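# Breakdown of the fold
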Amino acid sequence: MRGPSLHPGLCFLLSLSVVMDQKTTASCNCPQHAYCVNDTHCTCEHGYRSDFEQQFFTFPLTTCQDINECDPPISIYCGANAACKNVDGGFHCRCNPGYKLLSGDTQFQNSNENTCQKTTSSATTKDMKDVSRNPVLEPNELQHVVETFQSLLTNNTPLGTGEKGAVATWATEVLQTVESAALETALKSPEQKIQEIHNNNTVAIETRVVTDNCSEEGQIFSLNTHMNSVDIHCNDIVQGNIQGPTAIAFISYSSLGNIINATFFEEANERDRVYLNSEVVSAAIRPQRNLSLSKSVILSFQHVKTDTLSLPRKNMMSPFYLQRKPCRRKAFCVYWKSSGERGQWSRDGCFLMQVNESHTICSSTHLSSFAVLMAFSHQEEDYALDVITYVGLGLSLLCLLLAALTFLLCKAIQNTSTSIHLQLAICLFLAHLLFLTAIDRTEIKVLCAIIAGALHYLYLASFTWMLLEGLHLFLTARNLTVVNYSSVSRVMKKLMFPVGYGAPAIIVAISAASRPHLYGTCDRCWLNLDQGFIWSFLAPVCAIICVMKCPPSRILGC
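About the cut-offs
Every chain is numbered independently, its residues counted from 1 as its sequence is written. Local features in this predicted model are restricted to residues whose pLDDT is 70 or higher, and side-chain atom pairs enter the listing and the counts only when it is 80 or higher, whereas totals over whole chains, interfaces and linings include all residues. Working from all heavy atoms in the structure, the side-chain values ignore hydrogens and water. UniProt positions are given in the numbering used here, feature names are shortened, and annotations may be inferred rather than shown by experiment. Secondary structure follows DSSP: runs of H or I at least 4 residues long count as helices, runs of E at least 2 residues long count as strands, and numbering of each begins at the N terminus. Burial status follows relative accessibility: with a 1.4 Å probe on protein chains alone, a residue under 20% of its type maximum counts as buried, one over 50% as exposed, and anything between as partly exposed. Contact definition: two residues touch when any of their heavy atoms are within 4.5 Å. We get accessible surface area from the Shrake-Rupley algorithm with a probe of 1.4 Å; when it comes to residues, only the shown protein chains can shield them. The term disulfide is used for any two cysteine sulfur atoms that are within 2.5 Å. The convention used is that axes are lines fitted to C-alpha atoms, helices contributing only their stretch in contact, and that angles between N-to-C directions extend from 0 to 180 degrees. Note on terminology: angles under 35 degrees are roughly parallel, angles over 145 are roughly antiparallel, angles of 65 to 115 are roughly perpendicular, and the others are oblique. Each crossing is labelled by how the near helix is turned from the far one, with a counterclockwise turn of less than a right angle marking it left-handed and a clockwise turn marking it right-handed. Each residue gets one of three labels, nonpolar for Ala, Val, Leu, Ile, Met, Phe, Trp, Tyr, Cys and Pro, charged for Asp, Glu, Lys and Arg, and polar for the others, Gly among them. Between the first and last residue of a helix there are one fewer steps than residues, each counted as 1.5 Å, and that sum is the expected span. The directions from the helix axis to the C-beta atoms form the arc being described. Basic side-chain nitrogens of Lys or Arg form a salt bridge, by our definition, when they fall within 4 Å of a carboxyl oxygen of Asp or Glu. Pairing between two strands requires that DSSP report at least two bridges joining them. Polar contacts here mean pairs of N or O atoms no more than 3.5 Å apart (in protein, one a potential hydrogen donor and the other a potential acceptor; neighbouring residues in sequence count only if both atoms are side-chain atoms). In summary, the pairing rule links any two rings of Phe, Tyr or Trp, Trp by its six-membered ring, whose centres are within 6.5 Å, and it sorts them by plane angle into stacked for under 30 degrees, edge-to-face for over 60 and tilted for everything else.

The name an unreviewed UniProt entry gives the protein chain is Adhesion G protein-coupled receptor E2, with Ursus maritimus as the organism. UniProt lists a comment for the protein chain under the heading Subcellular location (unreviewed entry), and it reads "Cell projection, Ruffle membrane". One UniProt comment on the protein chain, placed under Sequence similarities (unreviewed entry), says "Belongs to the G-protein coupled receptor 2 family. Adhesion G-protein coupled receptor (ADGR) subfamily."

## Quick word on the overall build of the protein chain
Looking only at helices and strands, one finds twelve helices and 22 strands in the protein chain. Counting across all 558 residues of the protein chain, residues that qualify as buried make up 41%. Long-range pairs, those at least 24 residues apart, make up 63% of the contacts in the protein chain between residues at least 6 apart in sequence. Roughly 29900 Å² of accessible area belongs to the protein chain as shown, and the carbon and sulfur atoms make up 57% of that amount.

## Quick notes on the state of the cysteines
Per the stated rule, a full pass over the model turns up four disulfides. Here C30 is linked by a disulfide to C42, with a sulfur-sulfur distance of 2.1 Å. Classification of the bridge connecting C30 and C42 rests on its S-S torsion, roughly -90°, and on that basis the disulfide is left-handed. Remark: C42 occurs in strand 2 (residues 41-44) and C30 occurs in the loop between helix 1 (2-25) and strand 1 (34-37); sequence separation between them is twelve residues. Judged by its relative accessible area of 4%, C42 falls in the buried class. Sulfur-sulfur distance for the disulfide between C44 and C64 comes to 2.1 Å. Since a negative S-S torsion denotes a left-handed disulfide, the C44-C64 link at about -85° is left-handed. Pair noted here: C44 is in strand 2 and C64 is in strand 4 (residues 64-66), with a separation of 20 residues, a long-range link.

## Overview of the environment of F435
Among the structural elements, F435 can be located in helix 9 (residues 416-438). What F435 contacts, discounting residues up to four positions off in sequence, is T389, L393, L455 and Y459.

## Some points on the packing of helix 8 (residues 383-409) against helix 9
In contact at an axis separation of 9 Å, helix 8 and helix 9 are set at 150° when each is read in the N-to-C sense. Considered as vectors, helix 8 and helix 9 are oriented roughly antiparallel to each other. Between helix 8 and helix 9 lies a crossing of left-handed hand. Note on element contacts: helix 9 touches helix 8 through T418, H421, L422, A425, L428, F429, H432, L433, F435 and L436, opposite T389, Y390, L393, G394, S396, L397, L400, L401, A404, F407 and L408. Residues of the contact of helix 8 with helix 9, tallied by class, amount to 15 nonpolar, six polar and no charged.

## A look at the environment of A168
The residue A168 is located in helix 5 (residues 164-188) in this model. Contact partners of A168, with chain neighbours within four places excluded, come to F264, W336, R342 and G343.

## So, helix 12 (residues 535-549)
Taking 1.5 Å per residue as the helical rise, helix 12 with its 15 residues ought to reach 21 Å, and the 20 Å between its terminal C-alpha atoms agrees with that figure. Among the residues making up helix 12, those that are buried are S536, F537, P540, V541 and I544. Buried residues of helix 12 fall within an arc of 120° about the axis and therefore sit on the same side. In helix 12, those exposed residues whose orientation departs by more than 90 degrees from the buried face are C546 and K549.

## A look at the pattern of salt bridges
Overall, the coordinates contain one salt bridge when judged by the stated rule. The salt bridge involving D348 is made with K337; its shortest N-O contact spans 3.6 Å. Remark: K337 occurs in strand 18 (residues 329-339) and D348 occurs in the loop between strand 19 (342-346) and strand 20 (350-355); sequence separation between them is eleven residues. Judged by its relative accessible area of 42%, D348 is partly exposed.

## Comments concerning the pairing of strand 6 (residues 90-95)
For a regular strand, side-chain orientation follows a simple rule: the groups alternate between the two sheet faces. Judged from the six bridges that link them, strand 5 (residues 82-87) and strand 6 form a sheet pairing that is antiparallel. Its bridge partner being in strand 6, K85 is matched across the sheet by H92. Hairpin connection, strand 5 to strand 6: the antiparallel pair is bridged by two residues, and G89 has positive phi, about 85°.

## Some remarks on unusual backbone geometry
Phi at N38 takes a positive value of approximately 60°, unusual for a residue other than glycine. Mapping N38 onto the fold places it in the loop between strand 1 and strand 2. Relative accessible area serves as the criterion here: at 47%, N38 is assigned to the partly exposed category. The backbone phi angle of H226 is positive, close to 50°, even though this residue is not glycine.

## Structural notes on the side chain of E206
Position of E206 among the secondary structure elements: in strand 11 (residues 203-210). Under the relative-accessibility criterion, E206 is labelled buried at 1%. A distance of 3.1 Å separates a polar side-chain atom of E206 from the backbone nitrogen of N224.

## Examining the packing of aromatic side chains
Under the definition given, this model contains nine aromatic pairs. Consider the rings of Y459 and W526, whose centres lie 6.5 Å apart with planes at 90°: the pair is edge-to-face. Of this pair, Y459 sits in helix 10 (residues 445-478) while W526 is found in the loop between helix 11 (485-514) and helix 12, placing the two residues 67 residues apart along the sequence. Judged by centre distance (5.1 Å) and plane angle (85°), the ring pair of Y519 and F533 falls under edge-to-face.

Now the structure itself:
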């Protein structure tokens, strides 16, 4: 019994390793706009991404689609008086009608190359009328506001003290001063409905003046600065029965977040790593400061830091250097709450609506200065639970090893039942050993996925052998008084190895072929919970438990 009881399992593992080795040595056949990486995986060319949004893939039907860099969430900013134009595999910037580059070229690549200047011909005047937005004021007046902010930033005596109270008071004064200056500038020239200055690395400002008392019902205005935006209802800008023009200002501060950073967020969990992941933006209304709104404003923030890998190009070419994303990312929509001489970030009245890799969308019931805080929390280690796990599994490994040796070496007790017990002991021993030594080996994504797949297979095989053991016991009890007991035993011997090792292999193969990227999580080499993938393990296990829980007389009919 020693040979037939052990060799099938070893043969299966050896054949599995041969198949994996053949798969890794075979050259890849990549689709259009993709190239091969290490003769094992495909990756899309720059400007394209796979339809499954995987950086590396092997599925033969995967295609590479063009990335529209001009639309959210990327939304390339080309600078003032210019717009982004998407092309296949890339993009370029073009000056708006009525503007042209000083060099005479028709396109450029980014805002740093923007030299769009207004032309003066009659044809240009006609083109200017075709622009969907109103004529934009030359940013001379708003430039004074920018200079005011820069002077306040230079005169940063409270920042040198390091005292949070003084820094908070200074930040509150700066925010209010810049808001007031921008709104006063807008109301000085109400005929210029839109004023904006975006080509500044310190602060970007856009203002809008409303003079027609919301001519369209339900009208919503959208203001954009530095890839951030705010959407607000016109009625909240006009503020009821106020006579005369009303202005709203939307301001983005590039460097202020380094000063009033996440340390001013007192609601954070001490175990979480929290940081400011957006620019600080301000939204304000004049002539009256409308802090309470009838409808929520929608704020969109571009992330300062994304989960895009910052590895050298040569490392990014290999999937074995692909690092995982941080665990359990949480985003907080916050506003700057000033009370007395102190100020801090608060979540009151701010709600998270949506978050992706590059942007966060929030809603707020009031106007103020806003930002996005990001927290990366990791599972808290429980020392007592670790001790129980290692001690318990260590004892289990010892007992399983002794049981396997007993079933393997004691020929006097070898039969179909002990053969099933032997296979169960081997599967559990390998599963527990792999769990103890490799469950947290998440540094290399491919290795972690292989470990997760092996654990998936071994634990499913263990439950399958438990089912076969229960079925064998039932058939044995049922056929004690039947003369064909030996024939039933022969049938069990023929079927138990294909079922015990084959059924779990089919389930794992289907799971790996359909969702290979869901093997392995950010902190454990196990099945990912996304898309209900865990049910590829739970569903078979639950089915086995239900079958074994049925009364003996109904097992075959359950």
